[in-house]
Amino acid sequence: MSNSPINLLPSDLAYVPFVSVDNMMRNVRAIGVETFMRGIAEYIEQDFLRWESFDKKPRIPAHAPQGVIELMPTSDGKTFGFKYVNGHPGNTRDGLQTVTGFGVLSNLTTGYPVLFTEMTILTALRTAANSALAAKYLAPKGSTTMAIIGNGAQSDFQCLAFKDMLGITDIRAYDIDSAASLRLARNLANSGLNVTICKTPEDAIEGAQIITTVTADKKSATILTDNMVGTGVHINAVGGDCPGKTELHRDILLRSDIFVEFPDQTHIEGEFQQLDRDHPVTELWQVYAGKAEGRTSQDQITLFDSVGFAIEDFAALRYVRDLLPRTGHFEKLDLLADPDDPRDLYGMVLRSAANGDNQAA
């Protein structure tokens with residue numbers, strides 16, 4: 001009997017394309033951050049236009065006093081995708097990210113994953129792309145100025161997406177931590193945007209046609225009061241994304257036409273949780289499909305109550321999957337067991353042990 005080592009190298013079936021944080025940054029740099037977000041927005045719109053083909057449910061949360069961990073699954077009947085994501089606002093005090101995530105895209109027929117990727121950076125890109133996509137349908141035409149209240153990790157992406165997709169030229173930035181606003185201004189110094197750091201939210205809103213709120217505290221807050229918001233603006237409310245966390249005074253909602261992703265989820269987590277379940281809202285997919293109207297008048301207040309929905313992450317995962325053959329920025333991860341006989345998984349383990357003994361000898 002031969003004592004030569006058994007060849008246990010994985011077959012191609014064992015490998016799954018894996019995009020690490022480093023490779024995600026390489027992919028973004030390869031095509032440019034604004035182009036990347038525009039591409040995600042196009043995929044989101046494509047998937048919203050086939051909304052009725054998706055399995056839809058509110059995300060699955062596990063809450064703790066410090067934050068939340070959530071799973072966001074969906075399927076279009078051919079492909080399954082999910083994102084793992086957390087939200088822990090206090091993390092920054094310890095030098096940690098508020099939001100981290102990873103995601104998987106799988107073939108629903110075989111159950112085999114076809115993509116495994118980081119989604120901390122990808123979620124930031126997806127969120128901004130989704131905001132700008134909604135604003136294309138809801139914001140006043142010719143908008144040039146956006147107020148952004150909350151200048152944390154998401155704010156840079158929001159500003160760049162609105163610049164690229166709506167033509168925003170001026171940013172009026174406010175944060176309770178002035179260092180956050182200074183960081184935002186530094187990062188956008190060569191972006192072509194004019195950034196003004198404001199001392200109060202009221203100052204930031206002055207002259208803005210679009211108001212983006214993207215704060216992190218996990219509690220009900222009043223970032224905008226009713227008397228701060230005039231007619232004819234679009235509000236992009238991004239920060240209210242879990243039960244008990246809101247940013248807008250209820251009276252603003254009563255004066256606004258509210259647009260949501262998935263009402264069953266938004267009523268649990270968004271600004272919509274302040275209102276009765278039967279309060280009228282419009283689903284964005286209906287606007288994109290031409291089944292409902294977006295902005296209809298110059299004086300209208302439109303409000304996108306953004307909480308993030310699984311179909312948007314599904315679209316972002318599809319975009320990355322389709323991008324990888326062009327950029328090549330991924331690794332082949334040995335993730336799936338692939339025995340010679342699919343029924344003999346234990347035999348694969350035994351042969352591996354024998355191979356290890358032979359190599360040790």
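Anything mentioned here points back to the structure above.
Residues numbered from 1 in each chain as written. Predicted model: local features only at pLDDT ≥ 70, side-chain atom pairs only at ≥ 80, totals over all residues. Heavy atoms only, no water.

This paragraph deals with the nonpolar core. Formed by 59 residues in total, the largest nonpolar core has its most connected members in Phe36, Ile40, Phe48, Leu122, Ile171, Leu284 and Val320. Looking at this core, the elements with two or more residues in it are helix H1 (21-31), helix H2 (33-48), helix H3 (120-138), strand E7 (145-149), helix H4 (155-166), strand E8 (170-174), helix H9 (284-288) and helix H10 (310-327). If we skip the residues at most four places from it in the chain, phenylalanine 48 touches Leu284, Trp285, Tyr288, Ile311 and Glu312. One finds Tyr174, Ala221, Val229 and Val233 within the second-largest nonpolar core, a separate group that totals 25 residues. (Core = buried A, V, L, I, M, F, W, Y, C linked by side-chain atoms within 4.5 Å. Buried < 20%, exposed > 50% of the residue type's maximum accessible area, 1.4 Å probe, protein only. Helix = DSSP H or I, 4+ residues; strand = E, 2+ residues; numbered from the N terminus. Contact = heavy atoms within 4.5 Å.)

The next point concerns the state of the cysteines. A full pass over the atoms with the stated rule returns zero disulfides. No disulfide involves cysteine 198; its nearest neighbouring cysteine sulfur is the one of cysteine 159, lying 12 Å away. The buried category is assigned to cysteine 198, whose relative accessible area is 5%. (Disulfide = S-S within 2.5 Å.)

One pass over the structure, following the stated rule, counts 19 salt bridges. Aspartate 47 is the salt-bridge partner of arginine 318, the closest N and O atoms lying 3.1 Å from each other. On the criterion of sequence distance, the pair formed by arginine 318 in helix H10 and aspartate 47 in helix H2 is long-range, its members being 271 residues apart. Looking at aspartate 47, the relative accessible area reads 0%, which means it is buried. Note that glutamate 70 and arginine 59 form a salt bridge whose closest N and O atoms lie 3.4 Å from each other. Of this pair, glutamate 70 sits in strand E3 (residues 67-75) while arginine 59 sits in the loop between H2 and strand E2 (60-64); the two residues are 11 residues apart in sequence, bridging distant segments of the chain. Residue glutamate 70 is classed as buried on the basis of its relative accessible area of 5%. Within the structure, one salt-bridge network assembled from shared partners comprises Asp47, Arg50, Asp76 and Arg318. (Salt bridge = Lys/Arg side-chain N within 4 Å of Asp/Glu carboxyl O.)

Glancing now at the packing of aromatic side chains. According to the stated counting rule, one finds 15 aromatic pairs in the structure shown. With 5.9 Å between their ring centres and 85° between their planes, phenylalanine 102 and phenylalanine 116 make a pair best called edge-to-face. Of this pair, phenylalanine 102 sits in strand E5 (residues 101-107) while phenylalanine 116 sits in strand E6 (residues 113-118), placing them 14 residues apart in sequence. Between tyrosine 137 and tyrosine 288 the ring centres are 4.7 Å apart and the planes differ by 40°, which places this aromatic pair in the tilted class. Taken together, the residues span a long stretch of sequence, with tyrosine 137 in helix H3 and tyrosine 288 in helix H9 at a distance of 151 residues. Tyrosine 288 sits in the buried class, given a relative accessible area of 7%. Members of the aromatic cluster, each reached through a chain of ring pairs, are Phe48, Trp51, Tyr137, Phe262, Trp285, Tyr288 and Phe309. Positioned above the aromatic ring of tyrosine 15 is the side chain of lysine 332, whose terminal nitrogen or guanidinium carbon lies 4.8 Å from the ring centre. (Phe/Tyr/Trp six-rings, centres within 6.5 Å; stacked < 30°, edge-to-face > 60°. Lys NZ or Arg CZ within 6 Å of the ring centre and 35° of its normal.)

Further remarks concern the pairing of strand E4 (residues 79-87). As defined by bridge partners, E3 adjoins E4 across eight bridges and the pair is classed as antiparallel. Within the sheet, the bridge partner assigned to serine 75 lies in E4 and is phenylalanine 80. Counted between consecutive antiparallel strands, the loop separating E3 from E4 contains three residues, among which glycine 77 sits at a positive phi close to 95°. For E4 and E5, the ladder comprises seven bridges, and the chain directions are antiparallel. Counted as the bridge partner of glycine 81 is leucine 105 from E5. (Pairing = 2+ DSSP bridges.)

With that settled, the discussion passes to the packing of H1 against H3. Between H1 and H3, the least distance of the axes is 9 Å, while the angle of their chain directions is 35°. Contacts between H1 and H3 involve Val21, Met24, Met25 and Val28 from the former and Ile121, Leu122 and Leu125 from the latter. Tallied by class, the residues present in the contact of H1 with H3 amount to seven nonpolar, no polar and no charged. (Axes fitted to C-alpha atoms, helices over the stretch in contact; angles between N-to-C directions. Nonpolar A, V, L, I, M, F, W, Y, C, P; charged D, E, K, R; others polar.)

Across the interface, H2 lies against H4 with an axial gap of 9 Å and an inter-helix angle of 75°. With respect to their mutual orientation, H2 and H4 come out roughly perpendicular. Here Val33, Glu34, Met37, Arg38 and Ala41 of H2 come into contact with H4, specifically with Phe157, Leu160, Ala161, Lys163, Asp164 and Met165. Broken down by class, the residue content of the contact of H2 with H4 amounts to seven nonpolar, no polar and four charged. (Parallel < 35°, antiparallel > 145°, perpendicular 65-115°, else oblique.)

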